[in-house]
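# Observations on chain architecture
Each chain is listed here by its residues.
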Amino acid sequence: MNRALLTCSPLLRSTSTPLRTPVFAFLKPRICLSAQKHGLCARPLTQLAIRAFRTPSSELRQQSVWHFLSSRISQATHRSGISRGRSGGGYGGGPQGPWQRLRARINAIPSNYIFWGIIGLNGVVFATWQLAWVKYQSTRDGSSYIWMMQNFVASAENLRNGRWWTLLTCCFSHEDTMHLLFNGFTYYFMAPLVLSILGNVGFLGLYLGGGLVSSFAGIAWREYHQPNTRNAGAHGASGAIYSVISFFACVAPTATFALFGIIPLPAWAFVTGIFVYDGYSAVKDKRAGTDTAGHIGGLLAGIGYFVAKRLRIF
């Protein structure tokens, strides 16, 4: 069972400098995306300087004491997403602990390597699927194809046999050409924007975490709600990509998606729509051959990741 093909290829146009990612959409239905510019206003520096010069020295001393106390109270009552170790540092025992060093090394990698590396992995796995099928067609030797099924498909059978890595490897696995193209183009349009927002470590956490949740959701749904298909499996990057889309919708809910290039739709409405559509399809057992429950898991993972970031859980 393949994960559903993403029927969206967003054209991202951002008028805000950090989010400027012009791309071109080829697939239908197309989604044109633009983020609204948010202006910032501040007082002129001259007014602040004049006010500072006119402030009596006693008032300055009181403000300094208040600033010191408020900062200490803030440090004592507010958690930091980085410095939460027992030694005053981050995970792994201080600011130079193993986890922080690993984060620093990953973030030091050019983001283009992360972006193209994921595309490259999907391409390599796709080519391996094709070679395994050709081998079976020509020699009737299905060992390579069976090996791919055992290592790049998320299923309850693989988990029961201890192949837990399939929960992640299936997110880089596409056997069908159109499946790869739909997911690949959608990833190509959405990933750079979210990658620039989260950085390397944050994006990988979202993408891989969304894929894991999607795989678990699909397996659990087939196991308990669809007993006739409990031995089926799913593969594809749709769940991970859905987590990227829902995260972006939380960051910029009023960003405009132009469905089919014509119908303007806010990002929050688009995500709500596909959530309702996939949820209805899962409950009513519609769209056979599509892991709609996996899509729901990916959407919820992206929303949960956004909430966790806002609460500074990590």
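As the structure is a prediction and not an experimental result, all values here were calculated from the model.

Each value, and the rule that gives it
- Residues numbered from 1 in each chain as written.
- Predicted model: local features only at pLDDT ≥ 70, side-chain atom pairs only at ≥ 80, totals over all residues.
- Heavy atoms only, no water.
- Helix = DSSP H or I, 4+ residues; strand = E, 2+ residues; numbered from the N terminus.
- Buried < 20%, exposed > 50% of the residue type's maximum accessible area, 1.4 Å probe, protein only.
- Contact = heavy atoms within 4.5 Å.
- Areas by Shrake-Rupley, 256 points an atom, 1.4 Å probe, with all protein chains shown as cover.
- Expected span 1.5 Å × (residues − 1).
- Polar contact = N/O pair within 3.5 Å; in protein donor to acceptor, adjacent residues only side chain to side chain.
- Patch = residues over 30% accessible without salt bridge, like charges linked within 9 Å, V, L, I, M, F, W, Y side chains within 5 Å.
- Salt bridge = Lys/Arg side-chain N within 4 Å of Asp/Glu carboxyl O.

## Looking at the overall build of the chain
Regarding its fold elements, the chain presents 11 helices and six strands. Every one of the 314 residues in the chain was classed for burial, and the buried ones make up 39%. Contacts in the chain between residues at least 24 apart in sequence constitute 68% of all its contacts with a sequence separation of at least 6. In the structure as shown, the chain presents an accessible area of about 17,800 Å², 64% of it carried by carbon and sulfur atoms.

## So, helix α8 (residues 177-224)
Think of an α-helix as 3.6 residues a turn; residues three or four steps apart then line up on the same face. Here α8 spans only 31 Å end to end across 48 residues, well under the 70 Å set by a 1.5 Å rise per residue. Looking at where α8 begins, the residue whose side-chain oxygen comes 3.1 Å from the main-chain nitrogen of M178 is D176.

## A word on a nonpolar patch on the surface
Together, F275, V276, L300, I303, V307, L311, I313 and F314 give the surface a local cluster of nonpolar side chains, amounting to about 670 Å² of exposed area. Elements supplying a minimum of two residues to the nonpolar patch: α10 (267-283) and α11 (292-310). Take the nonpolar patch: its biggest share by element is three residues, from α11. As for its position among the elements, I313 is in the segment after α11. Take I313: its relative accessible area is 39%, and that puts it in the partly exposed class.

## A word on helix α9 (residues 238-251)
With 14 residues, α9 ought to run about 20 Å at 1.5 Å a step, and its terminal C-alpha atoms sit 20 Å apart, in line with that. In terms of burial, α9 is largely enclosed, as 12 of its 14 residues are buried. When α9 is considered as a whole, its buried residues turn out to be S238, G239, A240, I241, Y242, S243, V244, I245, S246, F247, F248 and A249.

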